[in-house]
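So you can see what is in the structure, the chains are spelled out below.
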Amino acid sequence: MPGHHSARSRRTTERKGDVRERAILDTCEALLAQNGYDAMTVGDIAQGAGITRGALYFYFASKQDVVTALVARTVEHLWERSRVTAQTDEPRQAIAAAMHRTVELWNEHGLVMRTAIDLSVTVPEIGELWNHTADLFIAAITAVLERAGIQAGAAPDQASAMARALCWMIERTFYHASQESREKLQEASATCEHIWLTSAGLIT
């Protein structure tokens, strides 16, 4: 049955491609920790993934494309893990859960997120990914603030504007804390949680 064999081979090739692409992205993330973005080369990524440079170019056109795909994978994790924040009914619980997940994500993928922030100005694709992710978080924070009783709207004392300020404050705070230690990330989380609770009128 040639048709059946062909379809099965095609599925096997696709699975193999997924495995290779994951190996490339995993290697890229490891090399960011070892060498940093500027020192990392396509050859380093290919070698770490166990493939040739030519094989890597079958999947990605450049080092920048690899890093962009890695950022895309990471921000998908960010949103998937944080989606529940917007759906948690009790604002205090939602805020505590959001900050806990933020610490986890910066511990696991802090180098990728710092690289995304660093490149977001000069690499349009990464900038678009990062800004879209920020918009999703702003929407989630807005929902929490509104459930806490903050008036909907974009005026400075209303939920949307406050959420935007909180989102970018959290990003900057964790960006700098992640360059120091895990302890600093916990301190950053406590600070941001306190400010968010205060902004929501849940503490004074």
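These remarks concern the structure in this document. It should be emphasised that the depicted structure is a prediction, and the values quoted were computed from it without experimental measurement.

1. Some words on the side chain of T68
Note on placement: T68 falls in helix α4 (residues 63-82). Residue T68 is classed as buried on the basis of its relative accessible area of 13%. Those residues within four positions of T68 in sequence are excluded, and the remaining contacts are V123, E125, I126 and L129.

2. Details of the packing of helix α5 (residues 91-119) against helix α7 (residues 159-177)
For the pair α5 and α7, the least separation of the axes is 9 Å and the interaxial angle reads 80°. Classified by the angle their axes make, α5 and α7 are roughly perpendicular. Taking contact as the criterion, the partners of M99, T102, V103, W106, R114, I117 and D118 in α5 are, on α7, I170, E171, R172, F174 and Y175. Within the contact of α5 with α7, the residues separate by chemical class into seven nonpolar, one polar and four charged.

3. What to know about the nonpolar core
Membership of the largest hydrophobic core comes to 59 residues, with the highest contact counts inside it found for L56, L145, F174 and W196. When contributions to this core are tallied by element, the ones reaching two or more residues are α1 (2-34), α2 (42-49), α3 (53-59), α4, α5, α6 (124-147), α7 and α8 (182-199). When residues in this core are grouped by element, the largest group, 12 residues, is from α5. Excluding residues within four positions of it along the chain, L145 makes contact with I150, A159, M162, A163, L166, W196, S199 and A200.

4. Some remarks on α6
When the terminal C-alpha atoms of α6 are compared, their 35 Å separation across 24 residues agrees well with the 34 Å that a helix rising 1.5 Å per residue should span. Listed as buried for α6 are I126, G127, W130, T133, A134, F137, I138, A140, I141, T142, V144 and L145. Looking one or two residues beyond α6, the residue adopting positive phi is G149, at roughly 105°.

The rules behind these values
Every chain begins its residue count from 1, and numbering advances along the sequence as written. Predicted model: local features are reported for residues with pLDDT of at least 70 only, side-chain atom pairs are reported and counted for 80 or more only, and whole-chain, interface and lining totals are derived from all residues. To get the side-chain values, all heavy atoms of the structure are used, and hydrogens and water are removed first. Secondary structure is summarised from DSSP: a helix means a run of H or I of at least four residues, a strand means a run of E of at least two, and numbering begins at the N terminus for each. The cut-offs for exposure are 20% and 50% of the maximum accessible area for each residue type, with area from a 1.4 Å probe on protein chains only; residues under the lower value are buried, those over the upper are exposed, and the others partly exposed. Contacts are assigned to residue pairs that have any heavy atoms within 4.5 Å of one another. Axes here refer to lines fitted to C-alpha atoms; in helices the fit is confined to the stretch in contact. Angles between the N-to-C directions go from 0 to 180 degrees. We call two directions roughly parallel when the angle between them is under 35 degrees, roughly antiparallel when it is over 145, roughly perpendicular when it lies between 65 and 115, and oblique otherwise. Here the nonpolar group is Ala, Val, Leu, Ile, Met, Phe, Trp, Tyr, Cys and Pro; Asp, Glu, Lys and Arg are the charged ones; every other residue, Gly included, is treated as polar. By nonpolar core we mean a set of buried residues, namely Ala, Val, Leu, Ile, Met, Phe, Trp, Tyr and Cys, connected to one another through side-chain atoms within 4.5 Å. For a helix, the expected span equals 1.5 Å multiplied by the residue count minus one.

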